[in-house]
Structures are given as structure tokens and as C-alpha cells.
Amino acid sequence: MRKLKVAELFAGVGGFRLGLENTKMNKFEVTWANQWEPGKKVQHAFDCYSTRFDTGIHVNEDIAEVSDKEMADTSADLIVGGFPCQDYSVARSLNGELGISGKKGVLFWQITRFIQNTVPKYVLLENVDRLLKSPSKQRGRDFAVMLSTLNELGYDVEWRVINAAEYGNAQRRRRVFIFAYRRNMAYGKAMSDVSPKSLIYKEGMFAKAFPVEGEPFKNREAETSISSDIVEVSDNFSFEFYNTGIMRNGGITTIHTVPVSEEATPLKEIIEANYDEKYIVEGAKLDKFKYLRGQKREERTAKNGHKYFYTEGGMSETDDLNLPGRTMLTSEGSVNRSTHLLKTDDNYRTLTPVEAERLNGFPDNWTDTMPERTRYFCMGNALVVPLVTRMGNEIERIDIEYPENITQIELL
Ligand SMILES: C[S@@+](CC[C@H](N)C(=O)[O-])C[C@H]1O[C@@H](n2cnc3c(N)ncnc32)[C@H](O)[C@@H]1O
């Protein structure tokens, strides 16, 4: 069976790769990966990636420094990557990418460059769900710029916000996944005959991998179209994108869908029975945690001397072991309101690094190549691996059900 060559961008410690290497048909082969943590001398995530995976080319360089030729040489069929939510606004320019120029350092433009150089069949991206609403002053603009760009490059797009716990996992982690496929391939052509609702509820990649109920939440559904002029989109577009949607040829349908929920994995099922004493929290550190998690109404003074009341709602004293974990952030290894605090065997304690890995469905000790604090940081950056496996299974099915009878060259 011909494998699908995968280029993994912003690879971190390899969540996408792990997910894709667990699929039913074993059809994916990550042949090229890029990971570079800006401003860090020691590249812990890259070192972990290179220790854990021994095939393919691994590049530890700012993606902006990777040449067009190196990108083209990957001949990727699928590009995957989790990238930051940044400001995607663009202005007109005479010689910039696509005749436009975006802000410097915005990583989405590197993804665009990768797509232009490789013309892959599929693209699978992950981002925080806030992307759909950013920026707050022009809601939906950034996502629309992204859709408009993919449209111009010849791709149709499906997106879906997925809360990992609602599909059986141990963490309430909500992320938007974006699946783009070439419009002029057999699959793109076949999908163009399917109605938008049918794609969203039944036929699309996300609908098959993560089933949803057949009715929208609170009748929330909407349609619009985006201009092929990306600068026009950047300047004027504002729209409320719901958690699910498709964009085909610039036409957008979005629906607030409701997942057909699967029972989440509670924390008690992933915690370690034996843990080192250093994870036990007591004394002043425990008081600090209790304060941070508690309800607050305190008078504070701003820099200009203005006095105000700071209020914050309380959280439960410790995380409920009968529920899945909350969203893990990169600060998980520090004393922080968002850090998990457990009570097991009458001890208050934090998560062990292995438990942090389990919240994301990584194998135990995957990140033990690096210092502990960095292990939590990398897990805060990573994704929930079994979600990617489910998407990978569907992409494999698509690739087999819709074989290409034209060559990649003819597609270009
Ligand atoms: C959201 S994380 C992705 C994590 C990954 N999906 C995983 O499972 O570990 C984004 C990654 O992009 C990397 N990164 C940030 N800027 C970069 C750049 N300019 N070039 C290459 N990688 C970059 C970060 O170091 C980080 O590991």
C-alpha cells in the first residue's frame, strides 16, 4: 500500500505523529518534521522528538528559515501542525506572498508557504478555539483570512471544535481542528456534490470521526461567503463562526453542533497509585494553592493610585477525581490557579509528569528526556493524541475510497 508522506510542522514532542502512527491501516509516514523553540539554547522538545522517533528528517530551525526547496523536497501528501493564534491581518503589497503581506513572524504564513511549495492533498491543523473569534474588535477576521487564503490556494475546508473529554478522553481540552483538502482531487469533487448540512452532520471527515446530534444547538446556523480578495477580508470581514463548519469555493456554512458524547475518562483512572513525596503539597505552598483557587474580593491599587475591587469566583478546593482533568496549560508545573491540585490518600498533591502525559494520551515517560518543569510545559503545548488517531483513520478511509486517477503533476 502506498504510504501518505507527512510533514509535521511545529512538531513539539510529536503528538500528531504519535496519533497518526496508531491508525488502523498504518498508512502515514512522517518523513519530515520541524520543531524550534524560539530563544532557547537547549531544545528540549526537539531533543525528545529526535530521541523518540528515529526515521525521517528532523529539522531544528525556525520554520521561517527553511527554504522553499527544502519544503518542496518533502513532497508531502499531508501537512500537520499545531500553531499559535496570532494576528493574521494583511495589507496589500506588490511582491509579498499572494500579493499581500502579513505581519512578520506570523506562523500561519509559513504554513501557507509550505502548502504553496508542496501542494499536498490534505492539511490538518490544530489551534486554540479562540481563533474562531479573534480579534475581539473584528470577530472572526483571523479565521476568515485563513479560510480565504486556503480557498485561494485551491482547498476546501472543514473545521470542528473538539472537547477531548466529550469523546472519551481524560482532559477537558477544547481545540479547533481544521481539515483542508484539494478541491480538484477526487475526494474534493465528490464532496462538492454533498449538501453543506449533510457534510457537517454525516459525510464530512469530522462528522464520521466525531459524531454529532442531527440538530443545531439553539438553532444556531449561518451562511456567508468570503471574498477572494484577502485584503478585503482582512479589512472588513466580521462574522460569528460556530464550532463546526465548512468552506467550499468561498461559500461558508457554520452550525453550532452538539457532540454525541462518549463517557469521559475520570482523573481517578489515570492517576498513579505510587508517587514521589515531592509531589505532595503542604504548608505555605498549600495555603498559596488554596488562596489562588479561592473566591476573592479584595481592594487593590492600580499604578496610578486608583483603588478598585478585584473579584474572582472560587474553584473547588481540589480537582474532582470523578471528572476528567481541566485544560492543561504550559504553566502546569508552577503554583498557579490553573494547575491541577489532587487529594489522594489524604495528601494534597500536584500531577506527576506521567499523569500529565496521560491527560494527553501520550505513553508514560514520553518526555523523560528533559527536566521536569519542561515536561509539564511541553504537555501544556501538546494535543490529545487519540483525537488525531480518529482523524487519521478517516483520512486513510478517504484516501482509499477516493483514489486519484490523475498524477500530482497534473494537479498543479
Ligand atoms: C502548540 S505547540 C505544538 C505541540 C505539538 N503538537 C505536540 O504535540 O507537542 C507549537 C510548537 O511550535 C514551536 N515553534 C514556535 N515557533 C516556531 C518557529 N518559528 N519555528 C518552528 N517551530 C516553532 C514551539 O516550540 C512549539 O513546540
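Everything below is about the structure shown above.
Summarised in this report is the structure supplied together with it. Remember, it's a predicted structure, so these values are computed and weren't measured experimentally. (Residues numbered from 1 in each chain as written. Predicted model: local features only at pLDDT ≥ 70, side-chain atom pairs only at ≥ 80, totals over all residues. Heavy atoms only, no water.)

### Quick look at the site of the ligand
Note the threshold: Here a residue is near a molecule or strand as soon as one of its heavy atoms is found within 4 Å of it. Polar contact is defined as a pair of N or O atoms within 3.5 Å, subject to the rule that within protein one atom must be able to donate a hydrogen and the other to accept it, and that residues adjacent in sequence are counted only when both atoms are side-chain atoms. With residues, only the protein chains shown are counted as cover, and all accessible areas are computed by Shrake-Rupley using a 1.4 Å probe.
Neighbouring the ligand are 18 residues; Val-13, Gln-35, Trp-36, Glu-37 and Asp-62 lie closest to it. Residue Trp-36 places a main-chain N or O atom 3.1 Å away from a nitrogen atom belonging to the ligand. The separation between a nitrogen atom of the ligand and a polar main-chain atom of Ile-63 is 3.0 Å. The protein chains hide 90% of the 600 Å² of surface that the ligand would expose on its own.

### Considering the nonpolar core
Cut-off, in case you're wondering: Put simply, buried Ala, Val, Leu, Ile, Met, Phe, Trp, Tyr and Cys residues joined by side-chain atoms within 4.5 Å make one nonpolar core. Accessibility here uses a 1.4 Å probe with only protein chains present; expressed as a share of the type maximum, an area under 20% marks a residue as buried, one over 50% as exposed, and anything in between as partly exposed. Helix and strand assignments come from DSSP, with helices taken as H or I runs of at least 4 residues and strands as E runs of at least 2, each series counted from the N terminus. Domain start and end points were adopted from an automatic or database domain assignment. Contact definition: two residues touch when any of their heavy atoms are within 4.5 Å.
Within the largest apolar cluster, 65 residues are counted, with the highest numbers of intra-cluster contacts made by Val-13, Tyr-122, Leu-124, Phe-179 and Met-391. Broken down by element, this core gets its largest block of residues, six residues, from helix α13 (residues 385–401). Counting only domains with at least three residues in this core, you end up with domain 1 (4–262 + 385–411) and domain 2 (267–381). Residues within four places of Tyr-122 in sequence aside, it is in contact with Leu-4, Asp-77, Leu-78, Ile-79, Phe-179, Ala-180, Tyr-181, Met-185, Ile-395, Ile-398 and Asp-399. Counting 49 residues, the second-largest nonpolar core is a separate cluster that includes Leu-9, Phe-10, Tyr-155 and Ile-178.

### Topic: the environment of Thr-327
Mapped onto the elements, Thr-327 comes out in the loop between β14 (307–312) and β15 (342–344). A sequence separation of 32 residues divides Thr-327 from Leu-359, and the C-alpha atoms of the two residues are 9.1 Å apart. Of the polar contacts made by the side chain of Thr-327, one reaches the backbone oxygen of Arg-172; its length is 2.7 Å.

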